Amino acid sequence: MWNKAIELSSKSHPGPIVHISDNPMDEGKLLIGFESGTVVLWDLKSKKADYRYTHDEAIHSVAWHHEGKQFICSHSDGTLTIWNVKSPTKPFQTITPHGKQLKDGKKPEPCKPILKVEYKTTRAGEPFIILSGGLSYDTVGRRPCLTVMHGKSTAVLEMDYSIVDFLTLCETPYPNDFQEPYAVVVLLEKDLVLIDLAQNGYPIFENPYPLTIHESPVTCCEYFADCPVDLIPALYSVGARQKRQGYSKKEWPISGGNWGLITQSYPEIIITGHADGSIKFWDASAITLQVLYKLKTAKVFEKSRNKDDRPNTDIVDEDPYAIQIISWCPESRMLCVAGVSAHVIIYRFSKQEVTTEVIPMLEVRLLYEINDIESPDGEQIPPLPTPGTSSNPQSIVPQSHPSTSSSSSDGLRDNVPCLKVKNSPLKQSPGYQIELVIQLVWVSGEPPQQITSLAVNSAYGLVVFGNCNGIAMVDYLQKTVLLNLGTIELYGSNDPYRREPRSPRKTRQPSGAGLCDINEGTVVPEDRCKSPTSAKMSRKLSLPTELKPDLDVKDNSFSRSRSSSVTSIDKESREAISALHFCETFTRKADTSPSPCLWVGTTLGTVLVIVLNLPPGGEQRLLQPVIVSPSGTILRLKGAILRMAFLDTTGSLVPPAHEPWREHNVSEDKDEKDKSKKRRPVSVSPSSSQEISENQYAVICSEKQAKVISLPSQNCIYKHNITETSFVLRGDIVSLSNSICLACFCANGHIMAFSLPSLRPLLDVYYLPLTNMRIARTFCFTNNGQALYLVSPTEIQRLTYSQETCENLQEMLGELFTPVETPEAPNRGFFKGLFGGGAQSLDREELFGESASGKASRSLAQHIPGPGGIEGVKGAASGVVGELARARLALDERGQKLGELEEKTAAMLYSADSFSKHAHEMMLKYKDKKWYQF
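Residues numbered from 1 in each chain as written. Predicted model: local features only at pLDDT ≥ 70, side-chain atom pairs only at ≥ 80, totals over all residues. Heavy atoms only, no water.

In the nomenclature of an unreviewed UniProt entry, the protein chain corresponds to Syntaxin binding protein 5 from the organism Chrysolophus pictus. Annotation of the protein chain in UniProt includes, under Sequence similarities (unreviewed entry), the sentence "Belongs to the WD repeat L(2)GL family." (UniProt positions renumbered as here; feature names shortened; annotations may be inferred.)

> What am I meant to see in the overall build of the protein chain here?
When you go through the protein chain residue by residue, the secondary structure sums to 15 helices and 54 strands. Taken across its 934 residues, the protein chain has 47% of its residues classed as buried. Restricting the contact set of the protein chain to residue pairs at least 6 apart, pairs at least 24 apart contribute 59%. (Helix = DSSP H or I, 4+ residues; strand = E, 2+ residues; numbered from the N terminus. Buried < 20%, exposed > 50% of the residue type's maximum accessible area, 1.4 Å probe, protein only. Contact = heavy atoms within 4.5 Å.)

> Help me understand the UniProt feature "repeat: WD" (unreviewed entry) in the protein chain in this model?
Those places that UniProt annotates as "repeat: WD" (unreviewed entry) correspond, in this numbering, to residues 52-87. Helix makes up 0% of residues 52-87 and strand makes up 56%, while its end C-alpha atoms are separated by 9 Å.

> Hey, could you run me through the sheet that holds strand E31 (residues 462-466) in this one?
Strand pairing in a sheet is mediated by backbone hydrogen bonds. Such pairs are either parallel or antiparallel. With respect to topology, four strands assemble into an open sheet ordered E30-E31-E32-E33, the strand pairing being antiparallel. What marks the edges here is a single partner per strand, and that holds for strand E30 (453-457) and strand E33 (480-486). On average, each strand axis in the sheet is inclined to that of its neighbour by 10 degrees, with strand direction left out of account. Both E31 and strand E32 (residues 470-475) contribute to a ladder of five bridges, which runs antiparallel. Across the sheet, residue Phe 465 finds its bridge partner in E32, namely Ala 472. (Pairing = 2+ DSSP bridges. Axes fitted to C-alpha atoms, helices over the stretch in contact; angles between N-to-C directions.)

> Would you mind showing me how to read the environment of Leu 623 here?
By the element assignment, Leu 623 lies in helix H6 (residues 619-623). Each C-alpha atom of the pair Leu 623 and Leu 477 lies 9.9 Å from the other, and the pair is 146 residues apart in sequence.

> Looking at this structure, I do not really get helix H2 (residues 231-240). What am I missing?
In an α-helix, one turn spans 3.6 residues; hence positions three or four apart end up facing the same way. For H2, the set of buried residues is Leu 231, Ile 232, Ala 234, Leu 235, Val 238 and Gly 239. The buried residues of H2 occupy one face: seen down the axis, they fall within an arc of 160 degrees. Turning to H2, the residues buried within the fold contact strand E17 (268-274), strand E18 (278-283), strand E19 (290-296), strand E20 (323-329), strand E22 (343-350) and strand E29 (431-440). (Arc of directions from axis to C-beta.)

> Would you explain the confidence of the model for the protein chain in this entry?
In this model, the protein chain carries a mean pLDDT of 77, and residues with pLDDT of at least 70 account for 75%. Here residues 370-405 scores under 50 on pLDDT; set against residues more than four positions off or in separate chains, the count is 88 contacts. (pLDDT = per-residue confidence, 0-100.)

> Which parts of the structure should I look at to understand the nonpolar core?
When a protein is soluble and globular, its nonpolar side chains tend to lie buried together. Grouped together as the largest cluster of nonpolar side chains are 35 residues, with contacts concentrated most on Leu 235, Ile 269, Phe 281, Trp 328, Leu 335, Tyr 432 and Val 437. Ranked by residues supplied to this core, first place goes to H2 with five residues. Beyond its immediate sequence surroundings of up to four residues, Ile 269 is in contact with Glu 222, Tyr 223, Phe 224, Cys 227, Leu 231, Ile 232, Leu 235, Phe 281, Trp 282 and Trp 328. (Core = buried A, V, L, I, M, F, W, Y, C linked by side-chain atoms within 4.5 Å.)

> Whenever I open this one, the packing of aromatic side chains confuses me. Can you help?
Each aromatic ring pair is summarised here by two numbers: the centre-to-centre distance and the angle between the ring planes. Counted by the stated rule, this structure contains 19 aromatic pairs. Ring centres of Trp 64 and Phe 71 lie 5.8 Å apart, and the angle between their planes is 65 degrees; on these two criteria the pair is classed as edge-to-face. Note on accessibility: Trp 64 and Phe 71 belong to one class, buried. With centroids separated by 5.7 Å and ring planes inclined at 65 degrees, the aromatic side chains of Phe 281 and Trp 328 adopt a geometry described as edge-to-face. Residue Phe 281 is located in strand E18, and its partner Trp 328 is located in strand E20; the two are separated by 47 residues in the primary sequence. Judged by relative accessible area, Phe 281 falls into the buried class, the value being 0%. Ring pairs connect the aromatic residues Phe 224, Phe 281, Tyr 293, Trp 328, Phe 349, Tyr 432 and Trp 661, which therefore count as one cluster. For Lys 116, the ring lying beneath its charged end belongs to Phe 166, and the centroid distance is 5.0 Å. Over the ring of Tyr 321 we find Lys 303, and its NZ or CZ is 5.8 Å from the ring centre. (Phe/Tyr/Trp six-rings, centres within 6.5 Å; stacked < 30°, edge-to-face > 60°. Lys NZ or Arg CZ within 6 Å of the ring centre and 35° of its normal.)

> What should I look at first to understand a nonpolar patch on the surface in this one?
On the surface, Ile 287, Leu 809 and Leu 813 cluster together into a nonpolar patch covering about 230 Å² of accessible area. Among the structural elements, Leu 809 can be located in helix H10 (residues 809-813). With relative accessibility at 36%, the residue Leu 809 sits in the partly exposed group. (Patch = residues over 30% accessible without salt bridge, like charges linked within 9 Å, V, L, I, M, F, W, Y side chains within 5 Å. Areas by Shrake-Rupley, 256 points an atom, 1.4 Å probe, with all protein chains shown as cover. Salt bridge = Lys/Arg side-chain N within 4 Å of Asp/Glu carboxyl O.)

> Mind showing me how you'd approach the environment of Lys 296 here?
Its place among the elements puts Lys 296 in strand E19. According to the relative accessible area criterion, Lys 296 is exposed, its value standing at 52%. Each C-alpha atom, one on Lys 296 and one on Ser 278, is 4.3 Å from the other, the two residues being 18 residues apart in sequence. With near-sequence residues (within four places) excluded, Lys 296 lies in contact with Gly 277, Ser 278 and Tyr 347.

> Can you help me understand unusual backbone geometry in this one?
The general pattern is negative phi for most residues beyond glycine and trans for most peptide bonds. With an omega of 10 degrees, the peptide bond between Leu 711 and Pro 712 qualifies as cis. Of note, Pro 712 is situated in the loop between strand E46 (705-711) and strand E47 (715-721). For the peptide bond that leads from Leu 756 to Pro 757, omega is 5 degrees, which places it in the cis range. Within the chain, Lys 479 stands out as a residue other than glycine whose phi angle is a positive 60 degrees.

> What am I meant to see in the sheet that holds strand E14 (residues 181-188) here?
Taken together, the three strands give an open sheet; going across it, the order is E13-E14-E15, and neighbouring strands pair in antiparallel fashion. Each having just a single partner strand, strand E13 (163-170) and strand E15 (192-196) make up the two edges of the open sheet. The sheet shows a mean angle of 20 degrees between the axes of neighbouring strands, direction not considered. Pairing between E13 and E14: seven bridges, direction antiparallel. Each bridged residue has a counterpart across the sheet, and for Leu 167 the counterpart in E14 is Val 185.

> Before we go on, may I ask you to explain the environment of Val 791 in this structure?
On the secondary structure map, Val 791 appears in strand E53 (residues 786-792). You can call Val 791 partly exposed: its relative accessible area is 34%. In the structure, Val 791 is positioned 17 residues away from Arg 774 in sequence and 7.7 Å away in space, judged by C-alpha atoms. The contacts of Val 791, once residues within four sequence positions are left out, are Arg 774 and Gln 797.

> Sorry if this is basic, but what is going on with a negative patch on the surface here?
Together, Glu 824, Glu 900, Glu 902 and Glu 903 make up a region of like negative charge exposed at the surface. By the secondary structure assignment, Glu 824 is in the loop between H10 and helix H11 (830-835). (Lys, Arg positive; Asp, Glu negative; His and termini not counted. Charge placed at Lys NZ, Arg CZ, Asp CG, Glu CD.)

> Help me understand the side chain of Thr 297 in this model?
As for its placement among the helices and strands, Thr 297 is situated in the loop between E19 and E20. Of note is the side chain of Thr 297, whose polar atom sits 2.3 Å from the backbone oxygen of Gly 277. Excluding residues within four positions of it along the chain, Thr 297 makes contact with Gly 277, Ser 278, Ile 279, Tyr 321, Ile 323, Val 337, Ile 345 and Tyr 347. (Polar contact = N/O pair within 3.5 Å; in protein donor to acceptor, adjacent residues only side chain to side chain.)

> When you look at the pattern of salt bridges in this model, what are you seeing that I'm missing?
Side-chain pairs of opposite charge can arise whenever the charged atoms involved come near each other. Taken as a whole, this structure holds 18 salt bridges when the rule is applied. Between Glu 118 and Lys 116 there is a salt bridge, with its nearest N and O atoms 3.7 Å apart. Its relative accessible area of 9% is what places Glu 118 among the buried residues. Between Glu 435 and Arg 348 there is a salt bridge, and its shortest N-O distance comes to 3.1 Å. Residue Glu 435 is found in strand E29, and its partner Arg 348 is found in strand E22; the two are separated by 87 residues along the sequence.

The structure is reproduced here in structure tokens:
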């Protein structure tokens, strides 16, 4: 009890116990530290206090010298006191590591509390005193620090986050030997840092573990399994050049545990988009998670220094560079990202460093209005050319920087992007390099709506994106806008809702290359659409607030109404583009062969098909225009369209066309160029080699149902209503066990899988409910029965719905503990053993057991061996690896015990031999002496 530990004359409570440890040289001596400043050395055998040490300042931590003759205390005033065990009256030494030494022998100014201290000794030098805290109060705003004192030198190491705890790694596990510290493990609030004590400057070890997943909040993620085998080495090689300099030259010193048996041989990659505009590529093969490469998309934009410098970023007050959508082609390594400020950036992978003098940029004025073109006398202009005639879209010259702020006639902001692109040369390191920047601009005082869907195709050289206003298609090879239409204009005269535009406004000149006359199905250059008298009132539809796409900055979540009702004109008015898919398939019922096209899905459950007329490859691709025209094909489903894919007649997935990756920053000779032309056909999908008589199947998944449609007949052959009371958050067409299936995650927490093309239910399991928008925003499926989502702002949760993976899970998990050889205990020496010096052990079971102390009170806890601890680890381990490890552990323990027995036997023989020798010498010395000679 506490009143036995303190002085009898003291009646005040000593406060909570902040430290308890035994003497390194004598387990029978217990050092107890109380918060008030009292430290007691308690003798367990005599059950009384040997010494009491008192100090005016509160104690935070205590540490022993390895010889057990001294200990050190850290206090709330930023001081350290070193005490001799047998001198309790006053400290042997008082140190203020960060206090200013005042003149006239006065005490240093008080500092912040030293929360923890460790005292580690070395054989060939001064001891190490390592502490956290203790800075002076005048260091306002300084980051948390760890202080390392060695001899006369004091090093202050600043940390990025608050220090939770630290631990010193030493060469020996025995506390009664020279510690020989070589590293310090520092646990921070959001990181784990290891410091090398053996190297000058105390550099940190390079951390092999991805503890920076939440360095910036994750706003979106994508998961790719069974990627090309050369992709991870390529990303790793460019990512290795990004590593900071100044790391320790030694390897990561923590080496416990064993990896499991890797049964999966296919590479897996996770891509995360973050609030600061960064993108990270992770190696997720088997059960590892290792960061490969980091891309900073924000470096292409000018940074705003204050709010006055950024009048255009009104749509997002915080995180204007946050990533919303990622579209990636693993085969060609083309990357396209859409940000919250209505911007799209296209990247091309290169292993060469380049300097871009002028960043190519396009500004797109995506409107939600219908332009009725009429002649001067009020009659409509005659029909435009038929789809058979080609027309060239007007190209937009890449700009070196965004256009300056302009205003419409009523003084509203107009033709202004949300972000300003740098107009200075940009040095681009090996890795992903900017190909093109696309920005939506303000229109008559209204900010651009955020992008809701995105797709890129490397074989066609096209990128397409859409929002609640409409759709835009860009040729990133020629840097031109091919398509810029409102969603209603995609229907033409086939609009099933017969929506009438309202809110008349003056006609605005769209900033686009080609406009489409949907009724005639052809692309019309912008100059042909403009007429001196074409100023007829155009109409603009207002946006209901409940349907307005919005990015919640606090949650970084994209939310919109899930209503699929079509009864309200307001709800029909803003039909957003929700899904985009490039493919090579049959676009019309009369088609006899597949052709390149784009399938567009909307939030009202409509699928529209746009035909792509591509020029030949090579140099012609850069000179001749791409012609886009609507096919007139319209398909309907219930609920917003989420995903589209295509199957051949055997049920195999038809992947989108793509070109193989090649290095673009290396000059090619003529032969190489000819080879590249041959190896980069526009049509590389399996469908291009099919017979004309063969068909394809289109798989379309919406929030409510899934359909399989036969092409080119466009007959629905299979239909399945996925849910009636909820809605699908994510749907993906994935490969599993050599077959293709549709995997869905519903808002009611169910994970479902359906066979293709028959849509037969294979799986329906309740997993977790939709508790927050983070899950909805990040949940994604991939091949081989894998899926993942962000379970919290700092954790990625990976799951499997594959039986094969579940069966191999225990073998994959590995083992946390591995048997190691116990280091040799410090040698006590003959004289220490003879005269009682050195470490003394204590049988605590004998001291505190029932035989000596009687039965314990019922109010005290009783140890009941259970499944926890080592027994729990042994019980949890299974499989061949676990059995082998246990067998090896048993052999090591047996060998260790035999070794200890052998050492004890040798010590006894040595002691007996020494005693015999001394006795014989004494007998010889006194054998011939008489009694009076002694």
